[in-house]
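Commentary on secondary and tertiary structure
Each chain, written out:
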2 protein chains.
Amino acid sequence: MKINEIGEQALIKEIAALTASTADREGVGIGDDAALTRVADGTFVATSKDMLVEGVHFLLPGITAQDLGFKALAVNLSDLAAMGAKPRHAFVALALPAGTECEFVLDFFRGMMELAKSYGIAISGGDLVASPGPLVVSVTVQGEVRREQALLRRGARPGELVCTTGSLGASAAGLALLLQDIPCSDKVRAAALQAHFRPRPRVREGLWLAAGGVVTTAIDISDGLLKDIREIMEINGCGALLYEENIPVHPAARAVAAAAGRSPLDFALHGGEDYELLFTVPENAFDNLARAYTEQFGRPLYTLGRLTGENRLQMVTKSGKWEELVFAGYRHF
Amino acid sequence: MKINEIGEQALIKEIAALTASTADREGVGIGDDAALTRVADGTFVATSKDMLVEGVHFLLPGITAQDLGFKALAVNLSDLAAMGAKPRHAFVALALPAGTECEFVLDFFRGMMELAKSYGIAISGGDLVASPGPLVVSVTVQGEVRREQALLRRGARPGELVCTTGSLGASAAGLALLLQDIPCSDKVRAAALQAHFRPRPRVREGLWLAAGGVVTTAIDISDGLLKDIREIMEINGCGALLYEENIPVHPAARAVAAAAGRSPLDFALHGGEDYELLFTVPENAFDNLARAYTEQFGRPLYTLGRLTGENRLQMVTKSGKWEELVFAGYRHF
């Protein structure tokens, strides 16, 4: 059977079953944003590893080498942020097509260092190999987290609020600008492209949420809000009810959607690559959390809706109708 | 400038310089077999990350999915072995061409688990993505080592012996059998292909050598003896003098070389992918080390020659001539 027939999640489950015999019982393995592996006296190493392929995850020369380096690190840091881990080290493997300029590789690392410096992350190793095909980037990041503070995907209950650390859809709007000729202001274009090429992982926010001790689950929004929320639903045996009026659509996504005659909500629900944290929290803890968060970061937390006991993902529209939500965004296979 | 003009090592040096500002001063970063990153009270995480590309590092269907999974883990474990680290976790990213069968992916993990089980290694995470080009495999392994026991590439002095944990050339002989029609016995063929497809990383040997405290440097032989020995020379500002009669050529390499009318020494010096450990040790410590090693593992250690104060790599041939040795094996770019 082909992977696109069985589906990525089913295949990953089979791999998890196949490798279960040596799995680390103290830590967290396949199936969360990052793995947790115990090293010493309660300190765990959080590790995340992503792979980005030219023609699938990025286009050249559509993205510059610098932006690619920045983004390749950002998407991995976002996984550590979703564990509440403090990032420490990055490892970078590149498969480079014949004739790649050294300056391209160095620019890639320059862009990566811009982000690495802001968190004191060391680029500590990796591999450079030749590729007869596309450019392939694989980054592994390592961080640290106390086991009891780690933000896992499991741990939510019906009734809890579903929240995000920021507004959604700007990265998808940026991608739309790259793929289509959409007239919009320079300011909107810059904001959307910035969100797409240089996402800011919520590292400090993840650490802060983990330290607070009231967040029950977290995941980063990479594939798209609806796909990532479904992941939380499935792992916790819950459903979710979202309120359309609460979905925080990024202003740039609104502007691009208006100019393109598209729905701004589509960008926010299906777009992906937002790299905001999606998390759940008991309702009675939310107000204090949101107030303290705004004091700390100068930005609000957003409540999108709540988890339910039914196995359904629904939305109450602005006109008061109930709709079933089906993810129509990016599929890996 | 293209990478093949500047050379891989020079490019890696530039990357190391460019990323130096956030480098971990307590640990070991770019430039050794694995990175060492401190986690707690003297325990360090050893991390190695390799990338294997179809058409460059392996051919399909020349190698089976099971062997590919086995080998992808083996080459990374070999890097940890060369640090004297105990392997704990592996992370696996695969870029999969369209239409890849699930069974191929599962067989890959089955092969990997054969090796993982023998060391109790957990497959703890990774990424599956689509590839418009070749299959790409990137494995990251994590292990543990005490900082003061770790086997680094730096630390050797002129006069010390240059040794290996096993004989060389069998993997290169296996590759020759795949590329050419060479008549040889089933037994020789099986041994050479086994060495090529299922190299046994010297994990226990590396741990044992690290615990002994007399080994001054270590590296695994992946690119080829002469290239890897040159790495030790350059880092330590030494030369080396090898004795042809001491080079341990694997019996299968001898047999394949004889059948193909090629030099067995070429397989051993330039072939690569041996995944034996190459290490240095003071002469006065060698006899005890070799005796204890043979007691422990039932196999000998081999002395190939010694480090010198001159910046030259030379060999005394069986006929007593002195030759300059130039690596003529695999170049990444």
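Scroll up to find the structure.
Below, the structure is looked at part by part. Predicted, not measured: the structure shown is a model, and the values here were computed from it.

1. Describing the overall build of chain A
Within chain A, the regular secondary structure consists of 11 helices and 12 strands. Compactness check: chain A gives a C-alpha radius of gyration of 20 Å against a globular reference of 20 Å for 333 residues, within 12% of the reference. Expressed along its principal axes, the backbone C-alpha trace of chain A runs to roughly 60 × 55 × 50 Å. Sorting the 333 residues of chain A into buried and exposed places 57% on the buried side. In chain A, the proportion of contacts linking residues at least 24 apart, taken out of those at least 6 apart, comes to 81%. When the accessible area of chain A is evaluated, it comes to approximately 12,900 Å², of which 50% is carbon and sulfur surface. Averaging the coordinates of the 32 positive side-chain charges in chain A and doing the same for the 40 negative ones gives two points 2 Å apart.

2. Here's the deal with the relation of the copies chain B and chain A
Superposing chain B onto chain A takes a rotation of 180° plus a shift of 0.0 Å along the axis, which leaves an RMSD of 0.0 Å. Seen this way, the second copy is the image of the first under a two-fold rotation axis. It is B:G133 whose C-alpha, among those of chain B, lies nearest the rotation axis, at 2.6 Å. The share of interface residues of chain B whose copies in chain A are also at the interface is 100%, consistent with both copies meeting through the same surface.

3. Quick notes on the interface of chain B and chain A
Taken together, the contact between chain B and chain A spans 75 residues of the former and 75 residues of the latter. Carbon and sulfur atoms make up 71% of the area that chain B and chain A hide from each other, which totals about 5,900 Å². Here chain B is connected to chain A by 2 salt bridges. Linking chain B with chain A are 24 residue pairs in polar contact (both at pLDDT 80 or more). Elements that contribute at least two residues to the side of chain B that touches chain A include exactly α1 (3–6), α2 (8–18), β1 (35–40), β2 (43–53), β3 (86–97), α4 (102–119), β4 (122–131) and β5 (136–146) of chain B.

4. Here we look at the sheet that holds strand β8 (residues 239–243) of chain B
Residue and element names in this part refer to chain B. The strand order β7-β9-β6-β10-β8-β11-β12 describes an open sheet built from 7 strands, whose pairing is mixed. Two strands lie at the open edges of the sheet, namely β7 (217–220) and β12 (322–324), each paired on one side alone. Between one strand and the next, the sheet's axes are offset by a mean angle of 25°, whatever the strand orientation. The pairing of β7 with strand β9 (residues 277–281) spans 4 bridges and is classified as antiparallel.

So, how was this worked out
Residues numbered from 1 in each chain as written. Chains lettered and ligands numbered in written order. Predicted model: local features only at pLDDT ≥ 70, side-chain atom pairs only at ≥ 80, totals over all residues. Heavy atoms only, no water. Helix = DSSP H or I, 4+ residues; strand = E, 2+ residues; numbered from the N terminus. Rg over C-alpha atoms; globule rule 2.2 N^0.38 Å. Buried < 20%, exposed > 50% of the residue type's maximum accessible area, 1.4 Å probe, protein only. Contact = heavy atoms within 4.5 Å. Areas by Shrake-Rupley, 256 points an atom, 1.4 Å probe, with all protein chains shown as cover. Lys, Arg positive; Asp, Glu negative; His and termini not counted. Charge placed at Lys NZ, Arg CZ, Asp CG, Glu CD. Least-squares fit on C-alpha atoms with pLDDT ≥ 70 in both. Buried area = accessible area lost by both parts, 1.4 Å probe. Salt bridge = Lys/Arg side-chain N within 4 Å of Asp/Glu carboxyl O. Polar contact = N/O pair within 3.5 Å; in protein donor to acceptor, adjacent residues only side chain to side chain. Pairing = 2+ DSSP bridges. Axes fitted to C-alpha atoms, helices over the stretch in contact; angles between N-to-C directions.

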